[in-house]
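# Notes for the structure review
Below, each chain spelled out in residue letters.
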Amino acid sequence: MTEGLHFREVFNFENMLDPEEIYEFCLKAQEKYRCFVTVVKPEERGIPFTAKDCICTKGVLTAAGSKILQNYVPPFDATCVKLLKEKGFVLIGKTTMDEFGFGSFNVNTEIIPKNPWDTSRVCGGSSGGAACFTALANFPHIALAESTGGSISCPASFCGVVGVTPTYGLVSRYGLIDYANSLDKIGIMSRRVEEAATVLSIIAKKDERDSTSVGSDKDYLEACKNYEKAIEFKIALPKEYFENVDKDVKNTVEDAIKKLENKGMEFTEVSLSMTEYALAAYYIIATAEASTNLAKFCGMRYGLELEIQGNFREYFSKVRTAGFGEEAKRRILLGTYARMSGYREHLYLKALKVRRKVIDEFKKVFENFDAIIAPVMPILPPKFEEVKDLSPLQHYMADVLTVPVNLAGLPHISIPAGFAKGLPVGMHIIVDHFCEEKAFMLAKLWEEIRGEIKYPSL
Ligand code: GLN
């Protein structure tokens, strides 16, 4: 195997630090930006990686950002973690996140990360810590993260890094603390496209422990090398994704599109009329699944335990009242309601029909186009004080552009398009199921045209 050489080609080993220096760096990052739940001291050399706190790591606390799992130390590694370790990657930390992935700004948890470009602003959620640290790490590093409805793209966009969400099922979910099983995907964040491509080739493996996993034999790094061919791609621009979007975001993404157009790329406006219904359908399906998944946290088997008093109902209720945060409780209520008899037909089953229509609409576009390009978030990263005053519904509305593609299980990459007011703006590259190589080609092409990003130093 030529892995070692292969990695040197992709990761900039000139900037590599010693394990001790990496540990010091992480502690400093933690002090200033609050991006970790746990900092892990690496015992050996290798390419450092971080894992979102909902991805199980042997012998290292895995709390999914929740108090109810405050002392859960898994006796095993998630498959993606195991595969990386086998290739010589070393775990350096568990990154903070919204509790169980419930959130778009990474404020629904105890440890709230600060945006590296402006510490008065949020990192985005739910994988905020992963994006934050990826922007800060000036040595080879990749982050394992997870998306249910946009949790990789949103923080990647807000923090100015690359966020790759593969097709649903491409990467095994074994060892992922689930949010909503029909939507959860493990993905990657990195500073550069080729780093994520290399890692996806490693972790996209069929796994008998996850019956939905498909895996792939593709070499995504090889795809990146063919990036010049992406100029021939036919690109769709969904008009709904450019409406009601902050003008700074819109202008930045449109500037990037113009630059690609100047190189000869062909763009055509299309309509994705289901966009406005996708958000409601997502929040019904996601909360319905989440509410059943969270039933297992009852203070008996994992995590928080309290003194046993009263009957089992009283005990479970006491543990869950103390262990779940406000947003988790809200989602349990919403999800339970949506699948209750009498409501199931009107809410849950209807949402599934909408989901089908969202998928069909995307599929139709991919009959004629190689990729869709759109803004990732409708806003620039907001300030903490702005987020504080938003209603839960306003929080959910931030996901309007990331949810449809996640509902459809389509692969997508969020890549920095440019900057507005000194803040990063992400651009979405969306492709058909299992066509990740096209997304990598196009992302790499854009990275070449855009040029290097100068990241904030710690
Ligand atoms: N913001 C979305 C939600 O709160 C997506 C979260 C995620 O992808 N984990 O459900």
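See the structure shown above.
An account of the accompanying structure is given in this report.

Conventions and cut-offs
Residues numbered from 1 in each chain as written. Predicted model: local features only at pLDDT ≥ 70, side-chain atom pairs only at ≥ 80, totals over all residues. Heavy atoms only, no water. Pairing = 2+ DSSP bridges. Helix = DSSP H or I, 4+ residues; strand = E, 2+ residues; numbered from the N terminus. Axes fitted to C-alpha atoms, helices over the stretch in contact; angles between N-to-C directions. Near = heavy atom within 4 Å. Polar contact = N/O pair within 3.5 Å; in protein donor to acceptor, adjacent residues only side chain to side chain. Areas by Shrake-Rupley, 256 points an atom, 1.4 Å probe, with all protein chains shown as cover. Nonpolar A, V, L, I, M, F, W, Y, C, P; charged D, E, K, R; others polar. Expected span 1.5 Å × (residues − 1). Buried < 20%, exposed > 50% of the residue type's maximum accessible area, 1.4 Å probe, protein only. Contact = heavy atoms within 4.5 Å.

## What about the sheet that holds strand β6 (residues 185-190)?
Here 11 strands make up an open sheet; going across it, the order is β1-β3-β2-β4-β6-β5-β10-β11-β9-β7-β8 and the pairing mixed. Two strands in the sheet have a free side with no partner beyond their single neighbour: β1 (36-39) and β8 (266-270). Here the strands of the sheet are splayed against their neighbours by 30° on average, with no regard to which way each runs. Sheet topology note: the β1/strand β3 (residues 89-95) ladder contains 3 bridges and is antiparallel. From the neighbouring strand, Phe36 faces β3, where its bridge partner is Thr95.

## A few points about the site of the ligand
The full set close to the ligand counts 16 residues, and Thr148, Gly149, Ser151, Tyr179 and Tyr282 are the nearest of them. One of the side-chain nitrogen or oxygen atoms of Ser126 is found 3.4 Å away from a nitrogen atom of the ligand. For the ligand, an oxygen atom lies 2.7 Å from a polar atom in the side chain of Tyr282. Contact with the protein chains covers 100% of the free accessible surface of the ligand, which is 300 Å². The set of elements that each furnish at least two residues to the shell around the ligand consists of β4 (142-147) and α9 (275-293). Its residues placed into classes, the shell around the ligand shows 4 nonpolar, 9 polar and 3 charged.

## Some remarks on helix α8 (residues 247-262)
Because an α-helix completes one turn every 3.6 residues, residues spaced three or four positions apart along the sequence face the same direction. With 16 residues, α8 ought to run about 22 Å at 1.5 Å a step, and its terminal C-alpha atoms sit 22 Å apart, in line with that. Asp248, Val249, Thr252, Val253, Ala256, Ile257 and Leu260 are the residues of α8 that are buried. Against the buried residues of α8 lie β7 (234-238), β8, β9 (371-375), β10 (412-420), β11 (423-430) and α16 (436-450). Two or three places before Asp248, at the start of α8, stands the capping residue Asp246, its side-chain oxygen 2.8 Å from that residue's backbone nitrogen. Residue Gly264 follows α8 closely and has a positive phi angle near 110°.

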